[in-house]
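Summary of structural features
Each chain, letter by letter, is given below.
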Protein chains: 2
Amino acid sequence: MTTRTAAERRADARTSHLTRVADCPTNRLLERIGEKWVSLVLKELADGPRRYGDLARTIASASPKMLTQTLRRLERDGLLSRTVTPAVPVRVEYALTPLGQSLMPVLYALSGWAERNIEQVEAARRSYDVAQRSSS
Amino acid sequence: MTTRTAAERRADARTSHLTRVADCPTNRLLERIGEKWVSLVLKELADGPRRYGDLARTIASASPKMLTQTLRRLERDGLLSRTVTPAVPVRVEYALTPLGQSLMPVLYALSGWAERNIEQVEAARRSYDVAQRSSS
DNA sequence: CAGCATCCCTTGAGATACTG
DNA sequence: CAGTATCTCAAGGGATGCTG
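Rules used in this analysis
- Residues numbered from 1 in each chain as written.
- Chains lettered and ligands numbered in written order.
- Predicted model: local features only at pLDDT ≥ 70, side-chain atom pairs only at ≥ 80, totals over all residues.
- Heavy atoms only, no water.
- Least-squares fit on C-alpha atoms with pLDDT ≥ 70 in both.
- Contact = heavy atoms within 4.5 Å.
- UniProt positions renumbered as here; feature names shortened; annotations may be inferred.
- Helix = DSSP H or I, 4+ residues; strand = E, 2+ residues; numbered from the N terminus.
- Near = heavy atom within 4 Å.
- Polar contact = N/O pair within 3.5 Å; in protein donor to acceptor, adjacent residues only side chain to side chain.
- Nonpolar A, V, L, I, M, F, W, Y, C, P; charged D, E, K, R; others polar.
- Pairing = 2+ DSSP bridges.
- Axes fitted to C-alpha atoms, helices over the stretch in contact; angles between N-to-C directions.
- Buried area = accessible area lost by both parts, 1.4 Å probe.
- Salt bridge = Lys/Arg side-chain N within 4 Å of Asp/Glu carboxyl O.

What follows covers the relation of the copies chain B and chain A. Each copy of the chain is related to the other by a rotation around an axis and a translation along that axis. Of the two same-sequence chains, chain B is brought onto chain A (RMSD 0.0 Å, axial shift 0.0 Å) by a rotation of 180°. The transformation relating the two chain copies, once decomposed into turn and shift, fits a two-fold axis. Across chain B, the smallest distance between a C-alpha and the rotation axis is recorded for B:G34, namely 2.3 Å. Take the interface residues of chain B: 100% of them recur as interface residues in chain A, which is what a same-surface contact looks like.

This is the structure in structure tokens:
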């Protein structure tokens, strides 16, 4: 003789599913590499270590705040390392860790798909938008 | 005899770089599959076509609003198709297009990396957080 | 059944200015 | 050089209620 309503059971199902989604490794990875500047930083570091200023110049549209935030998060995840050389002026170098390097093939696979299929996606968007316009 | 200051040139560099980033196929793909519910929907449809209600039950923590929004965007990108069968009640079926199917191997590669390395990432985060706490 | 409309709140992210 | 601090705004996303 349960006193739980159907609505309550649905709410619980949502909560428990939400927890599982938050725990899913795939989602956690996508949250990180889906961030605006992450893929650019990783690709830049794939060619070798870079100093903060180098990254800031190469990824010119990222503000210092966003660049730093991106680098810190990737460092926290163990994907890159941050090395401070105490000199005047200080020298800070970022480099991929082995873990970060192991991610690169996956990222390149993604880039490859994107470049091969972007034209088809664009075309789909155009035709979808046209259909919407005429049906509204 | 240019009258442009260094600051103006930096601002222009930012703007032009920002345009290139927005145009980059990799970033455009990551923006889409980085959305909260996209990977779950794609994986669900990988097993075959699903009705709206099926998806809503399986992906229980997504609200109707977010589920619909996700499905519409993926349809617009040409990754999945939406088929309405006019009956009472109506029946709406979603299925991966060939383009959508071609993306799945890439998504699975990503999942594979995530599952193999999540433990290492978690460990990195814990040790980073401990180091931060003790240095503050 | 398969949504749409509305309200609301949190988070992401840009601009600007300042510092060890 | 390599950041930090603060402010602000827009977008993402959730809750709720209604509909052809």
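Attention shifts here to the UniProt feature "domain: HTH hxlR-type" (unreviewed entry) in chain A. Per the UniProt record, "domain: HTH hxlR-type" (unreviewed entry) is found at residues 24–122 of chain A. Between the end C-alpha atoms of residues 24–122 of chain A there is a gap of 30 Å, over a span that is 64% helix and 14% strand.

A few words on the protein's contact with DNA strand D. Neighbouring DNA strand D are 16 residues; A:R72, A:R82, A:Y94, B:K36 and B:K65 lie closest to it. Taking the atoms of DNA strand D that fall within 4 Å of the protein, sugar and phosphate contribute 70% of them. A:G53 is positioned such that a nitrogen or oxygen atom in its backbone is 3.0 Å from a phosphate oxygen of DNA strand D. Within the side chain of A:Y94, an N or O atom sits 2.7 Å from a phosphate oxygen of DNA strand D. Those elements giving two or more residues to the surface near DNA strand D turn out to be helix 4 (52–58), helix 5 (64–76) and strand 3 (91–96) of chain A together with helix 5 (64–76) of chain B. Taken together, the residues of the surface near DNA strand D sort by class into seven nonpolar, two polar and seven charged.

Turning our attention to the sheet that holds strand 1 (residues 50–51) of chain A. All names here are of chain A. What the three strands build is an open sheet, ordered 1-3-2; its pairing is antiparallel. Every other strand in the sheet has two partners, leaving strand 1 and strand 2 (80–85) as the edge strands with one partner each. Packing of helix 3 (residues 38–46) onto the sheet brings it into contact with strand 1, strand 2 and strand 3, and relative to strand 3 it is tilted by some 95°.

Our next topic: the interface of chain B and chain A. If you look at the interface, chain B gives 49 residues, while chain A gives 49 residues. Between chain B and chain A lies a buried interface of about 4,500 Å² when both sides are counted; carbon and sulfur atoms form 65% of it. By the criterion of area lost to chain A, the three top residues of chain B are B:R76, B:W113 and B:R125, representing 16% of everything that side buries. Here chain B is connected to chain A by six salt bridges. The partner of B:D129 in a salt bridge is A:R76, with the nearest N and O atoms 2.9 Å apart. For the side of chain B that touches chain A, the secondary structure elements donating two or more residues are helix 1 (6–23), helix 2 (25–33), helix 3 (38–46), helix 5 and helix 6 (98–135) of chain B. Tallied by class, residues from the side of chain B that touches chain A come to 24 nonpolar, 12 polar and 13 charged.

To continue, consider the pairing of strand 2 (residues 80–85) of chain B. Residue and element names in this part refer to chain B. Here strand 2 pairs with strand 3 (residues 91–96) via six bridges, running antiparallel. Bridged to V84 within strand 3 is V92. Connecting the antiparallel pair strand 2 and strand 3 is a turn made up of five residues.

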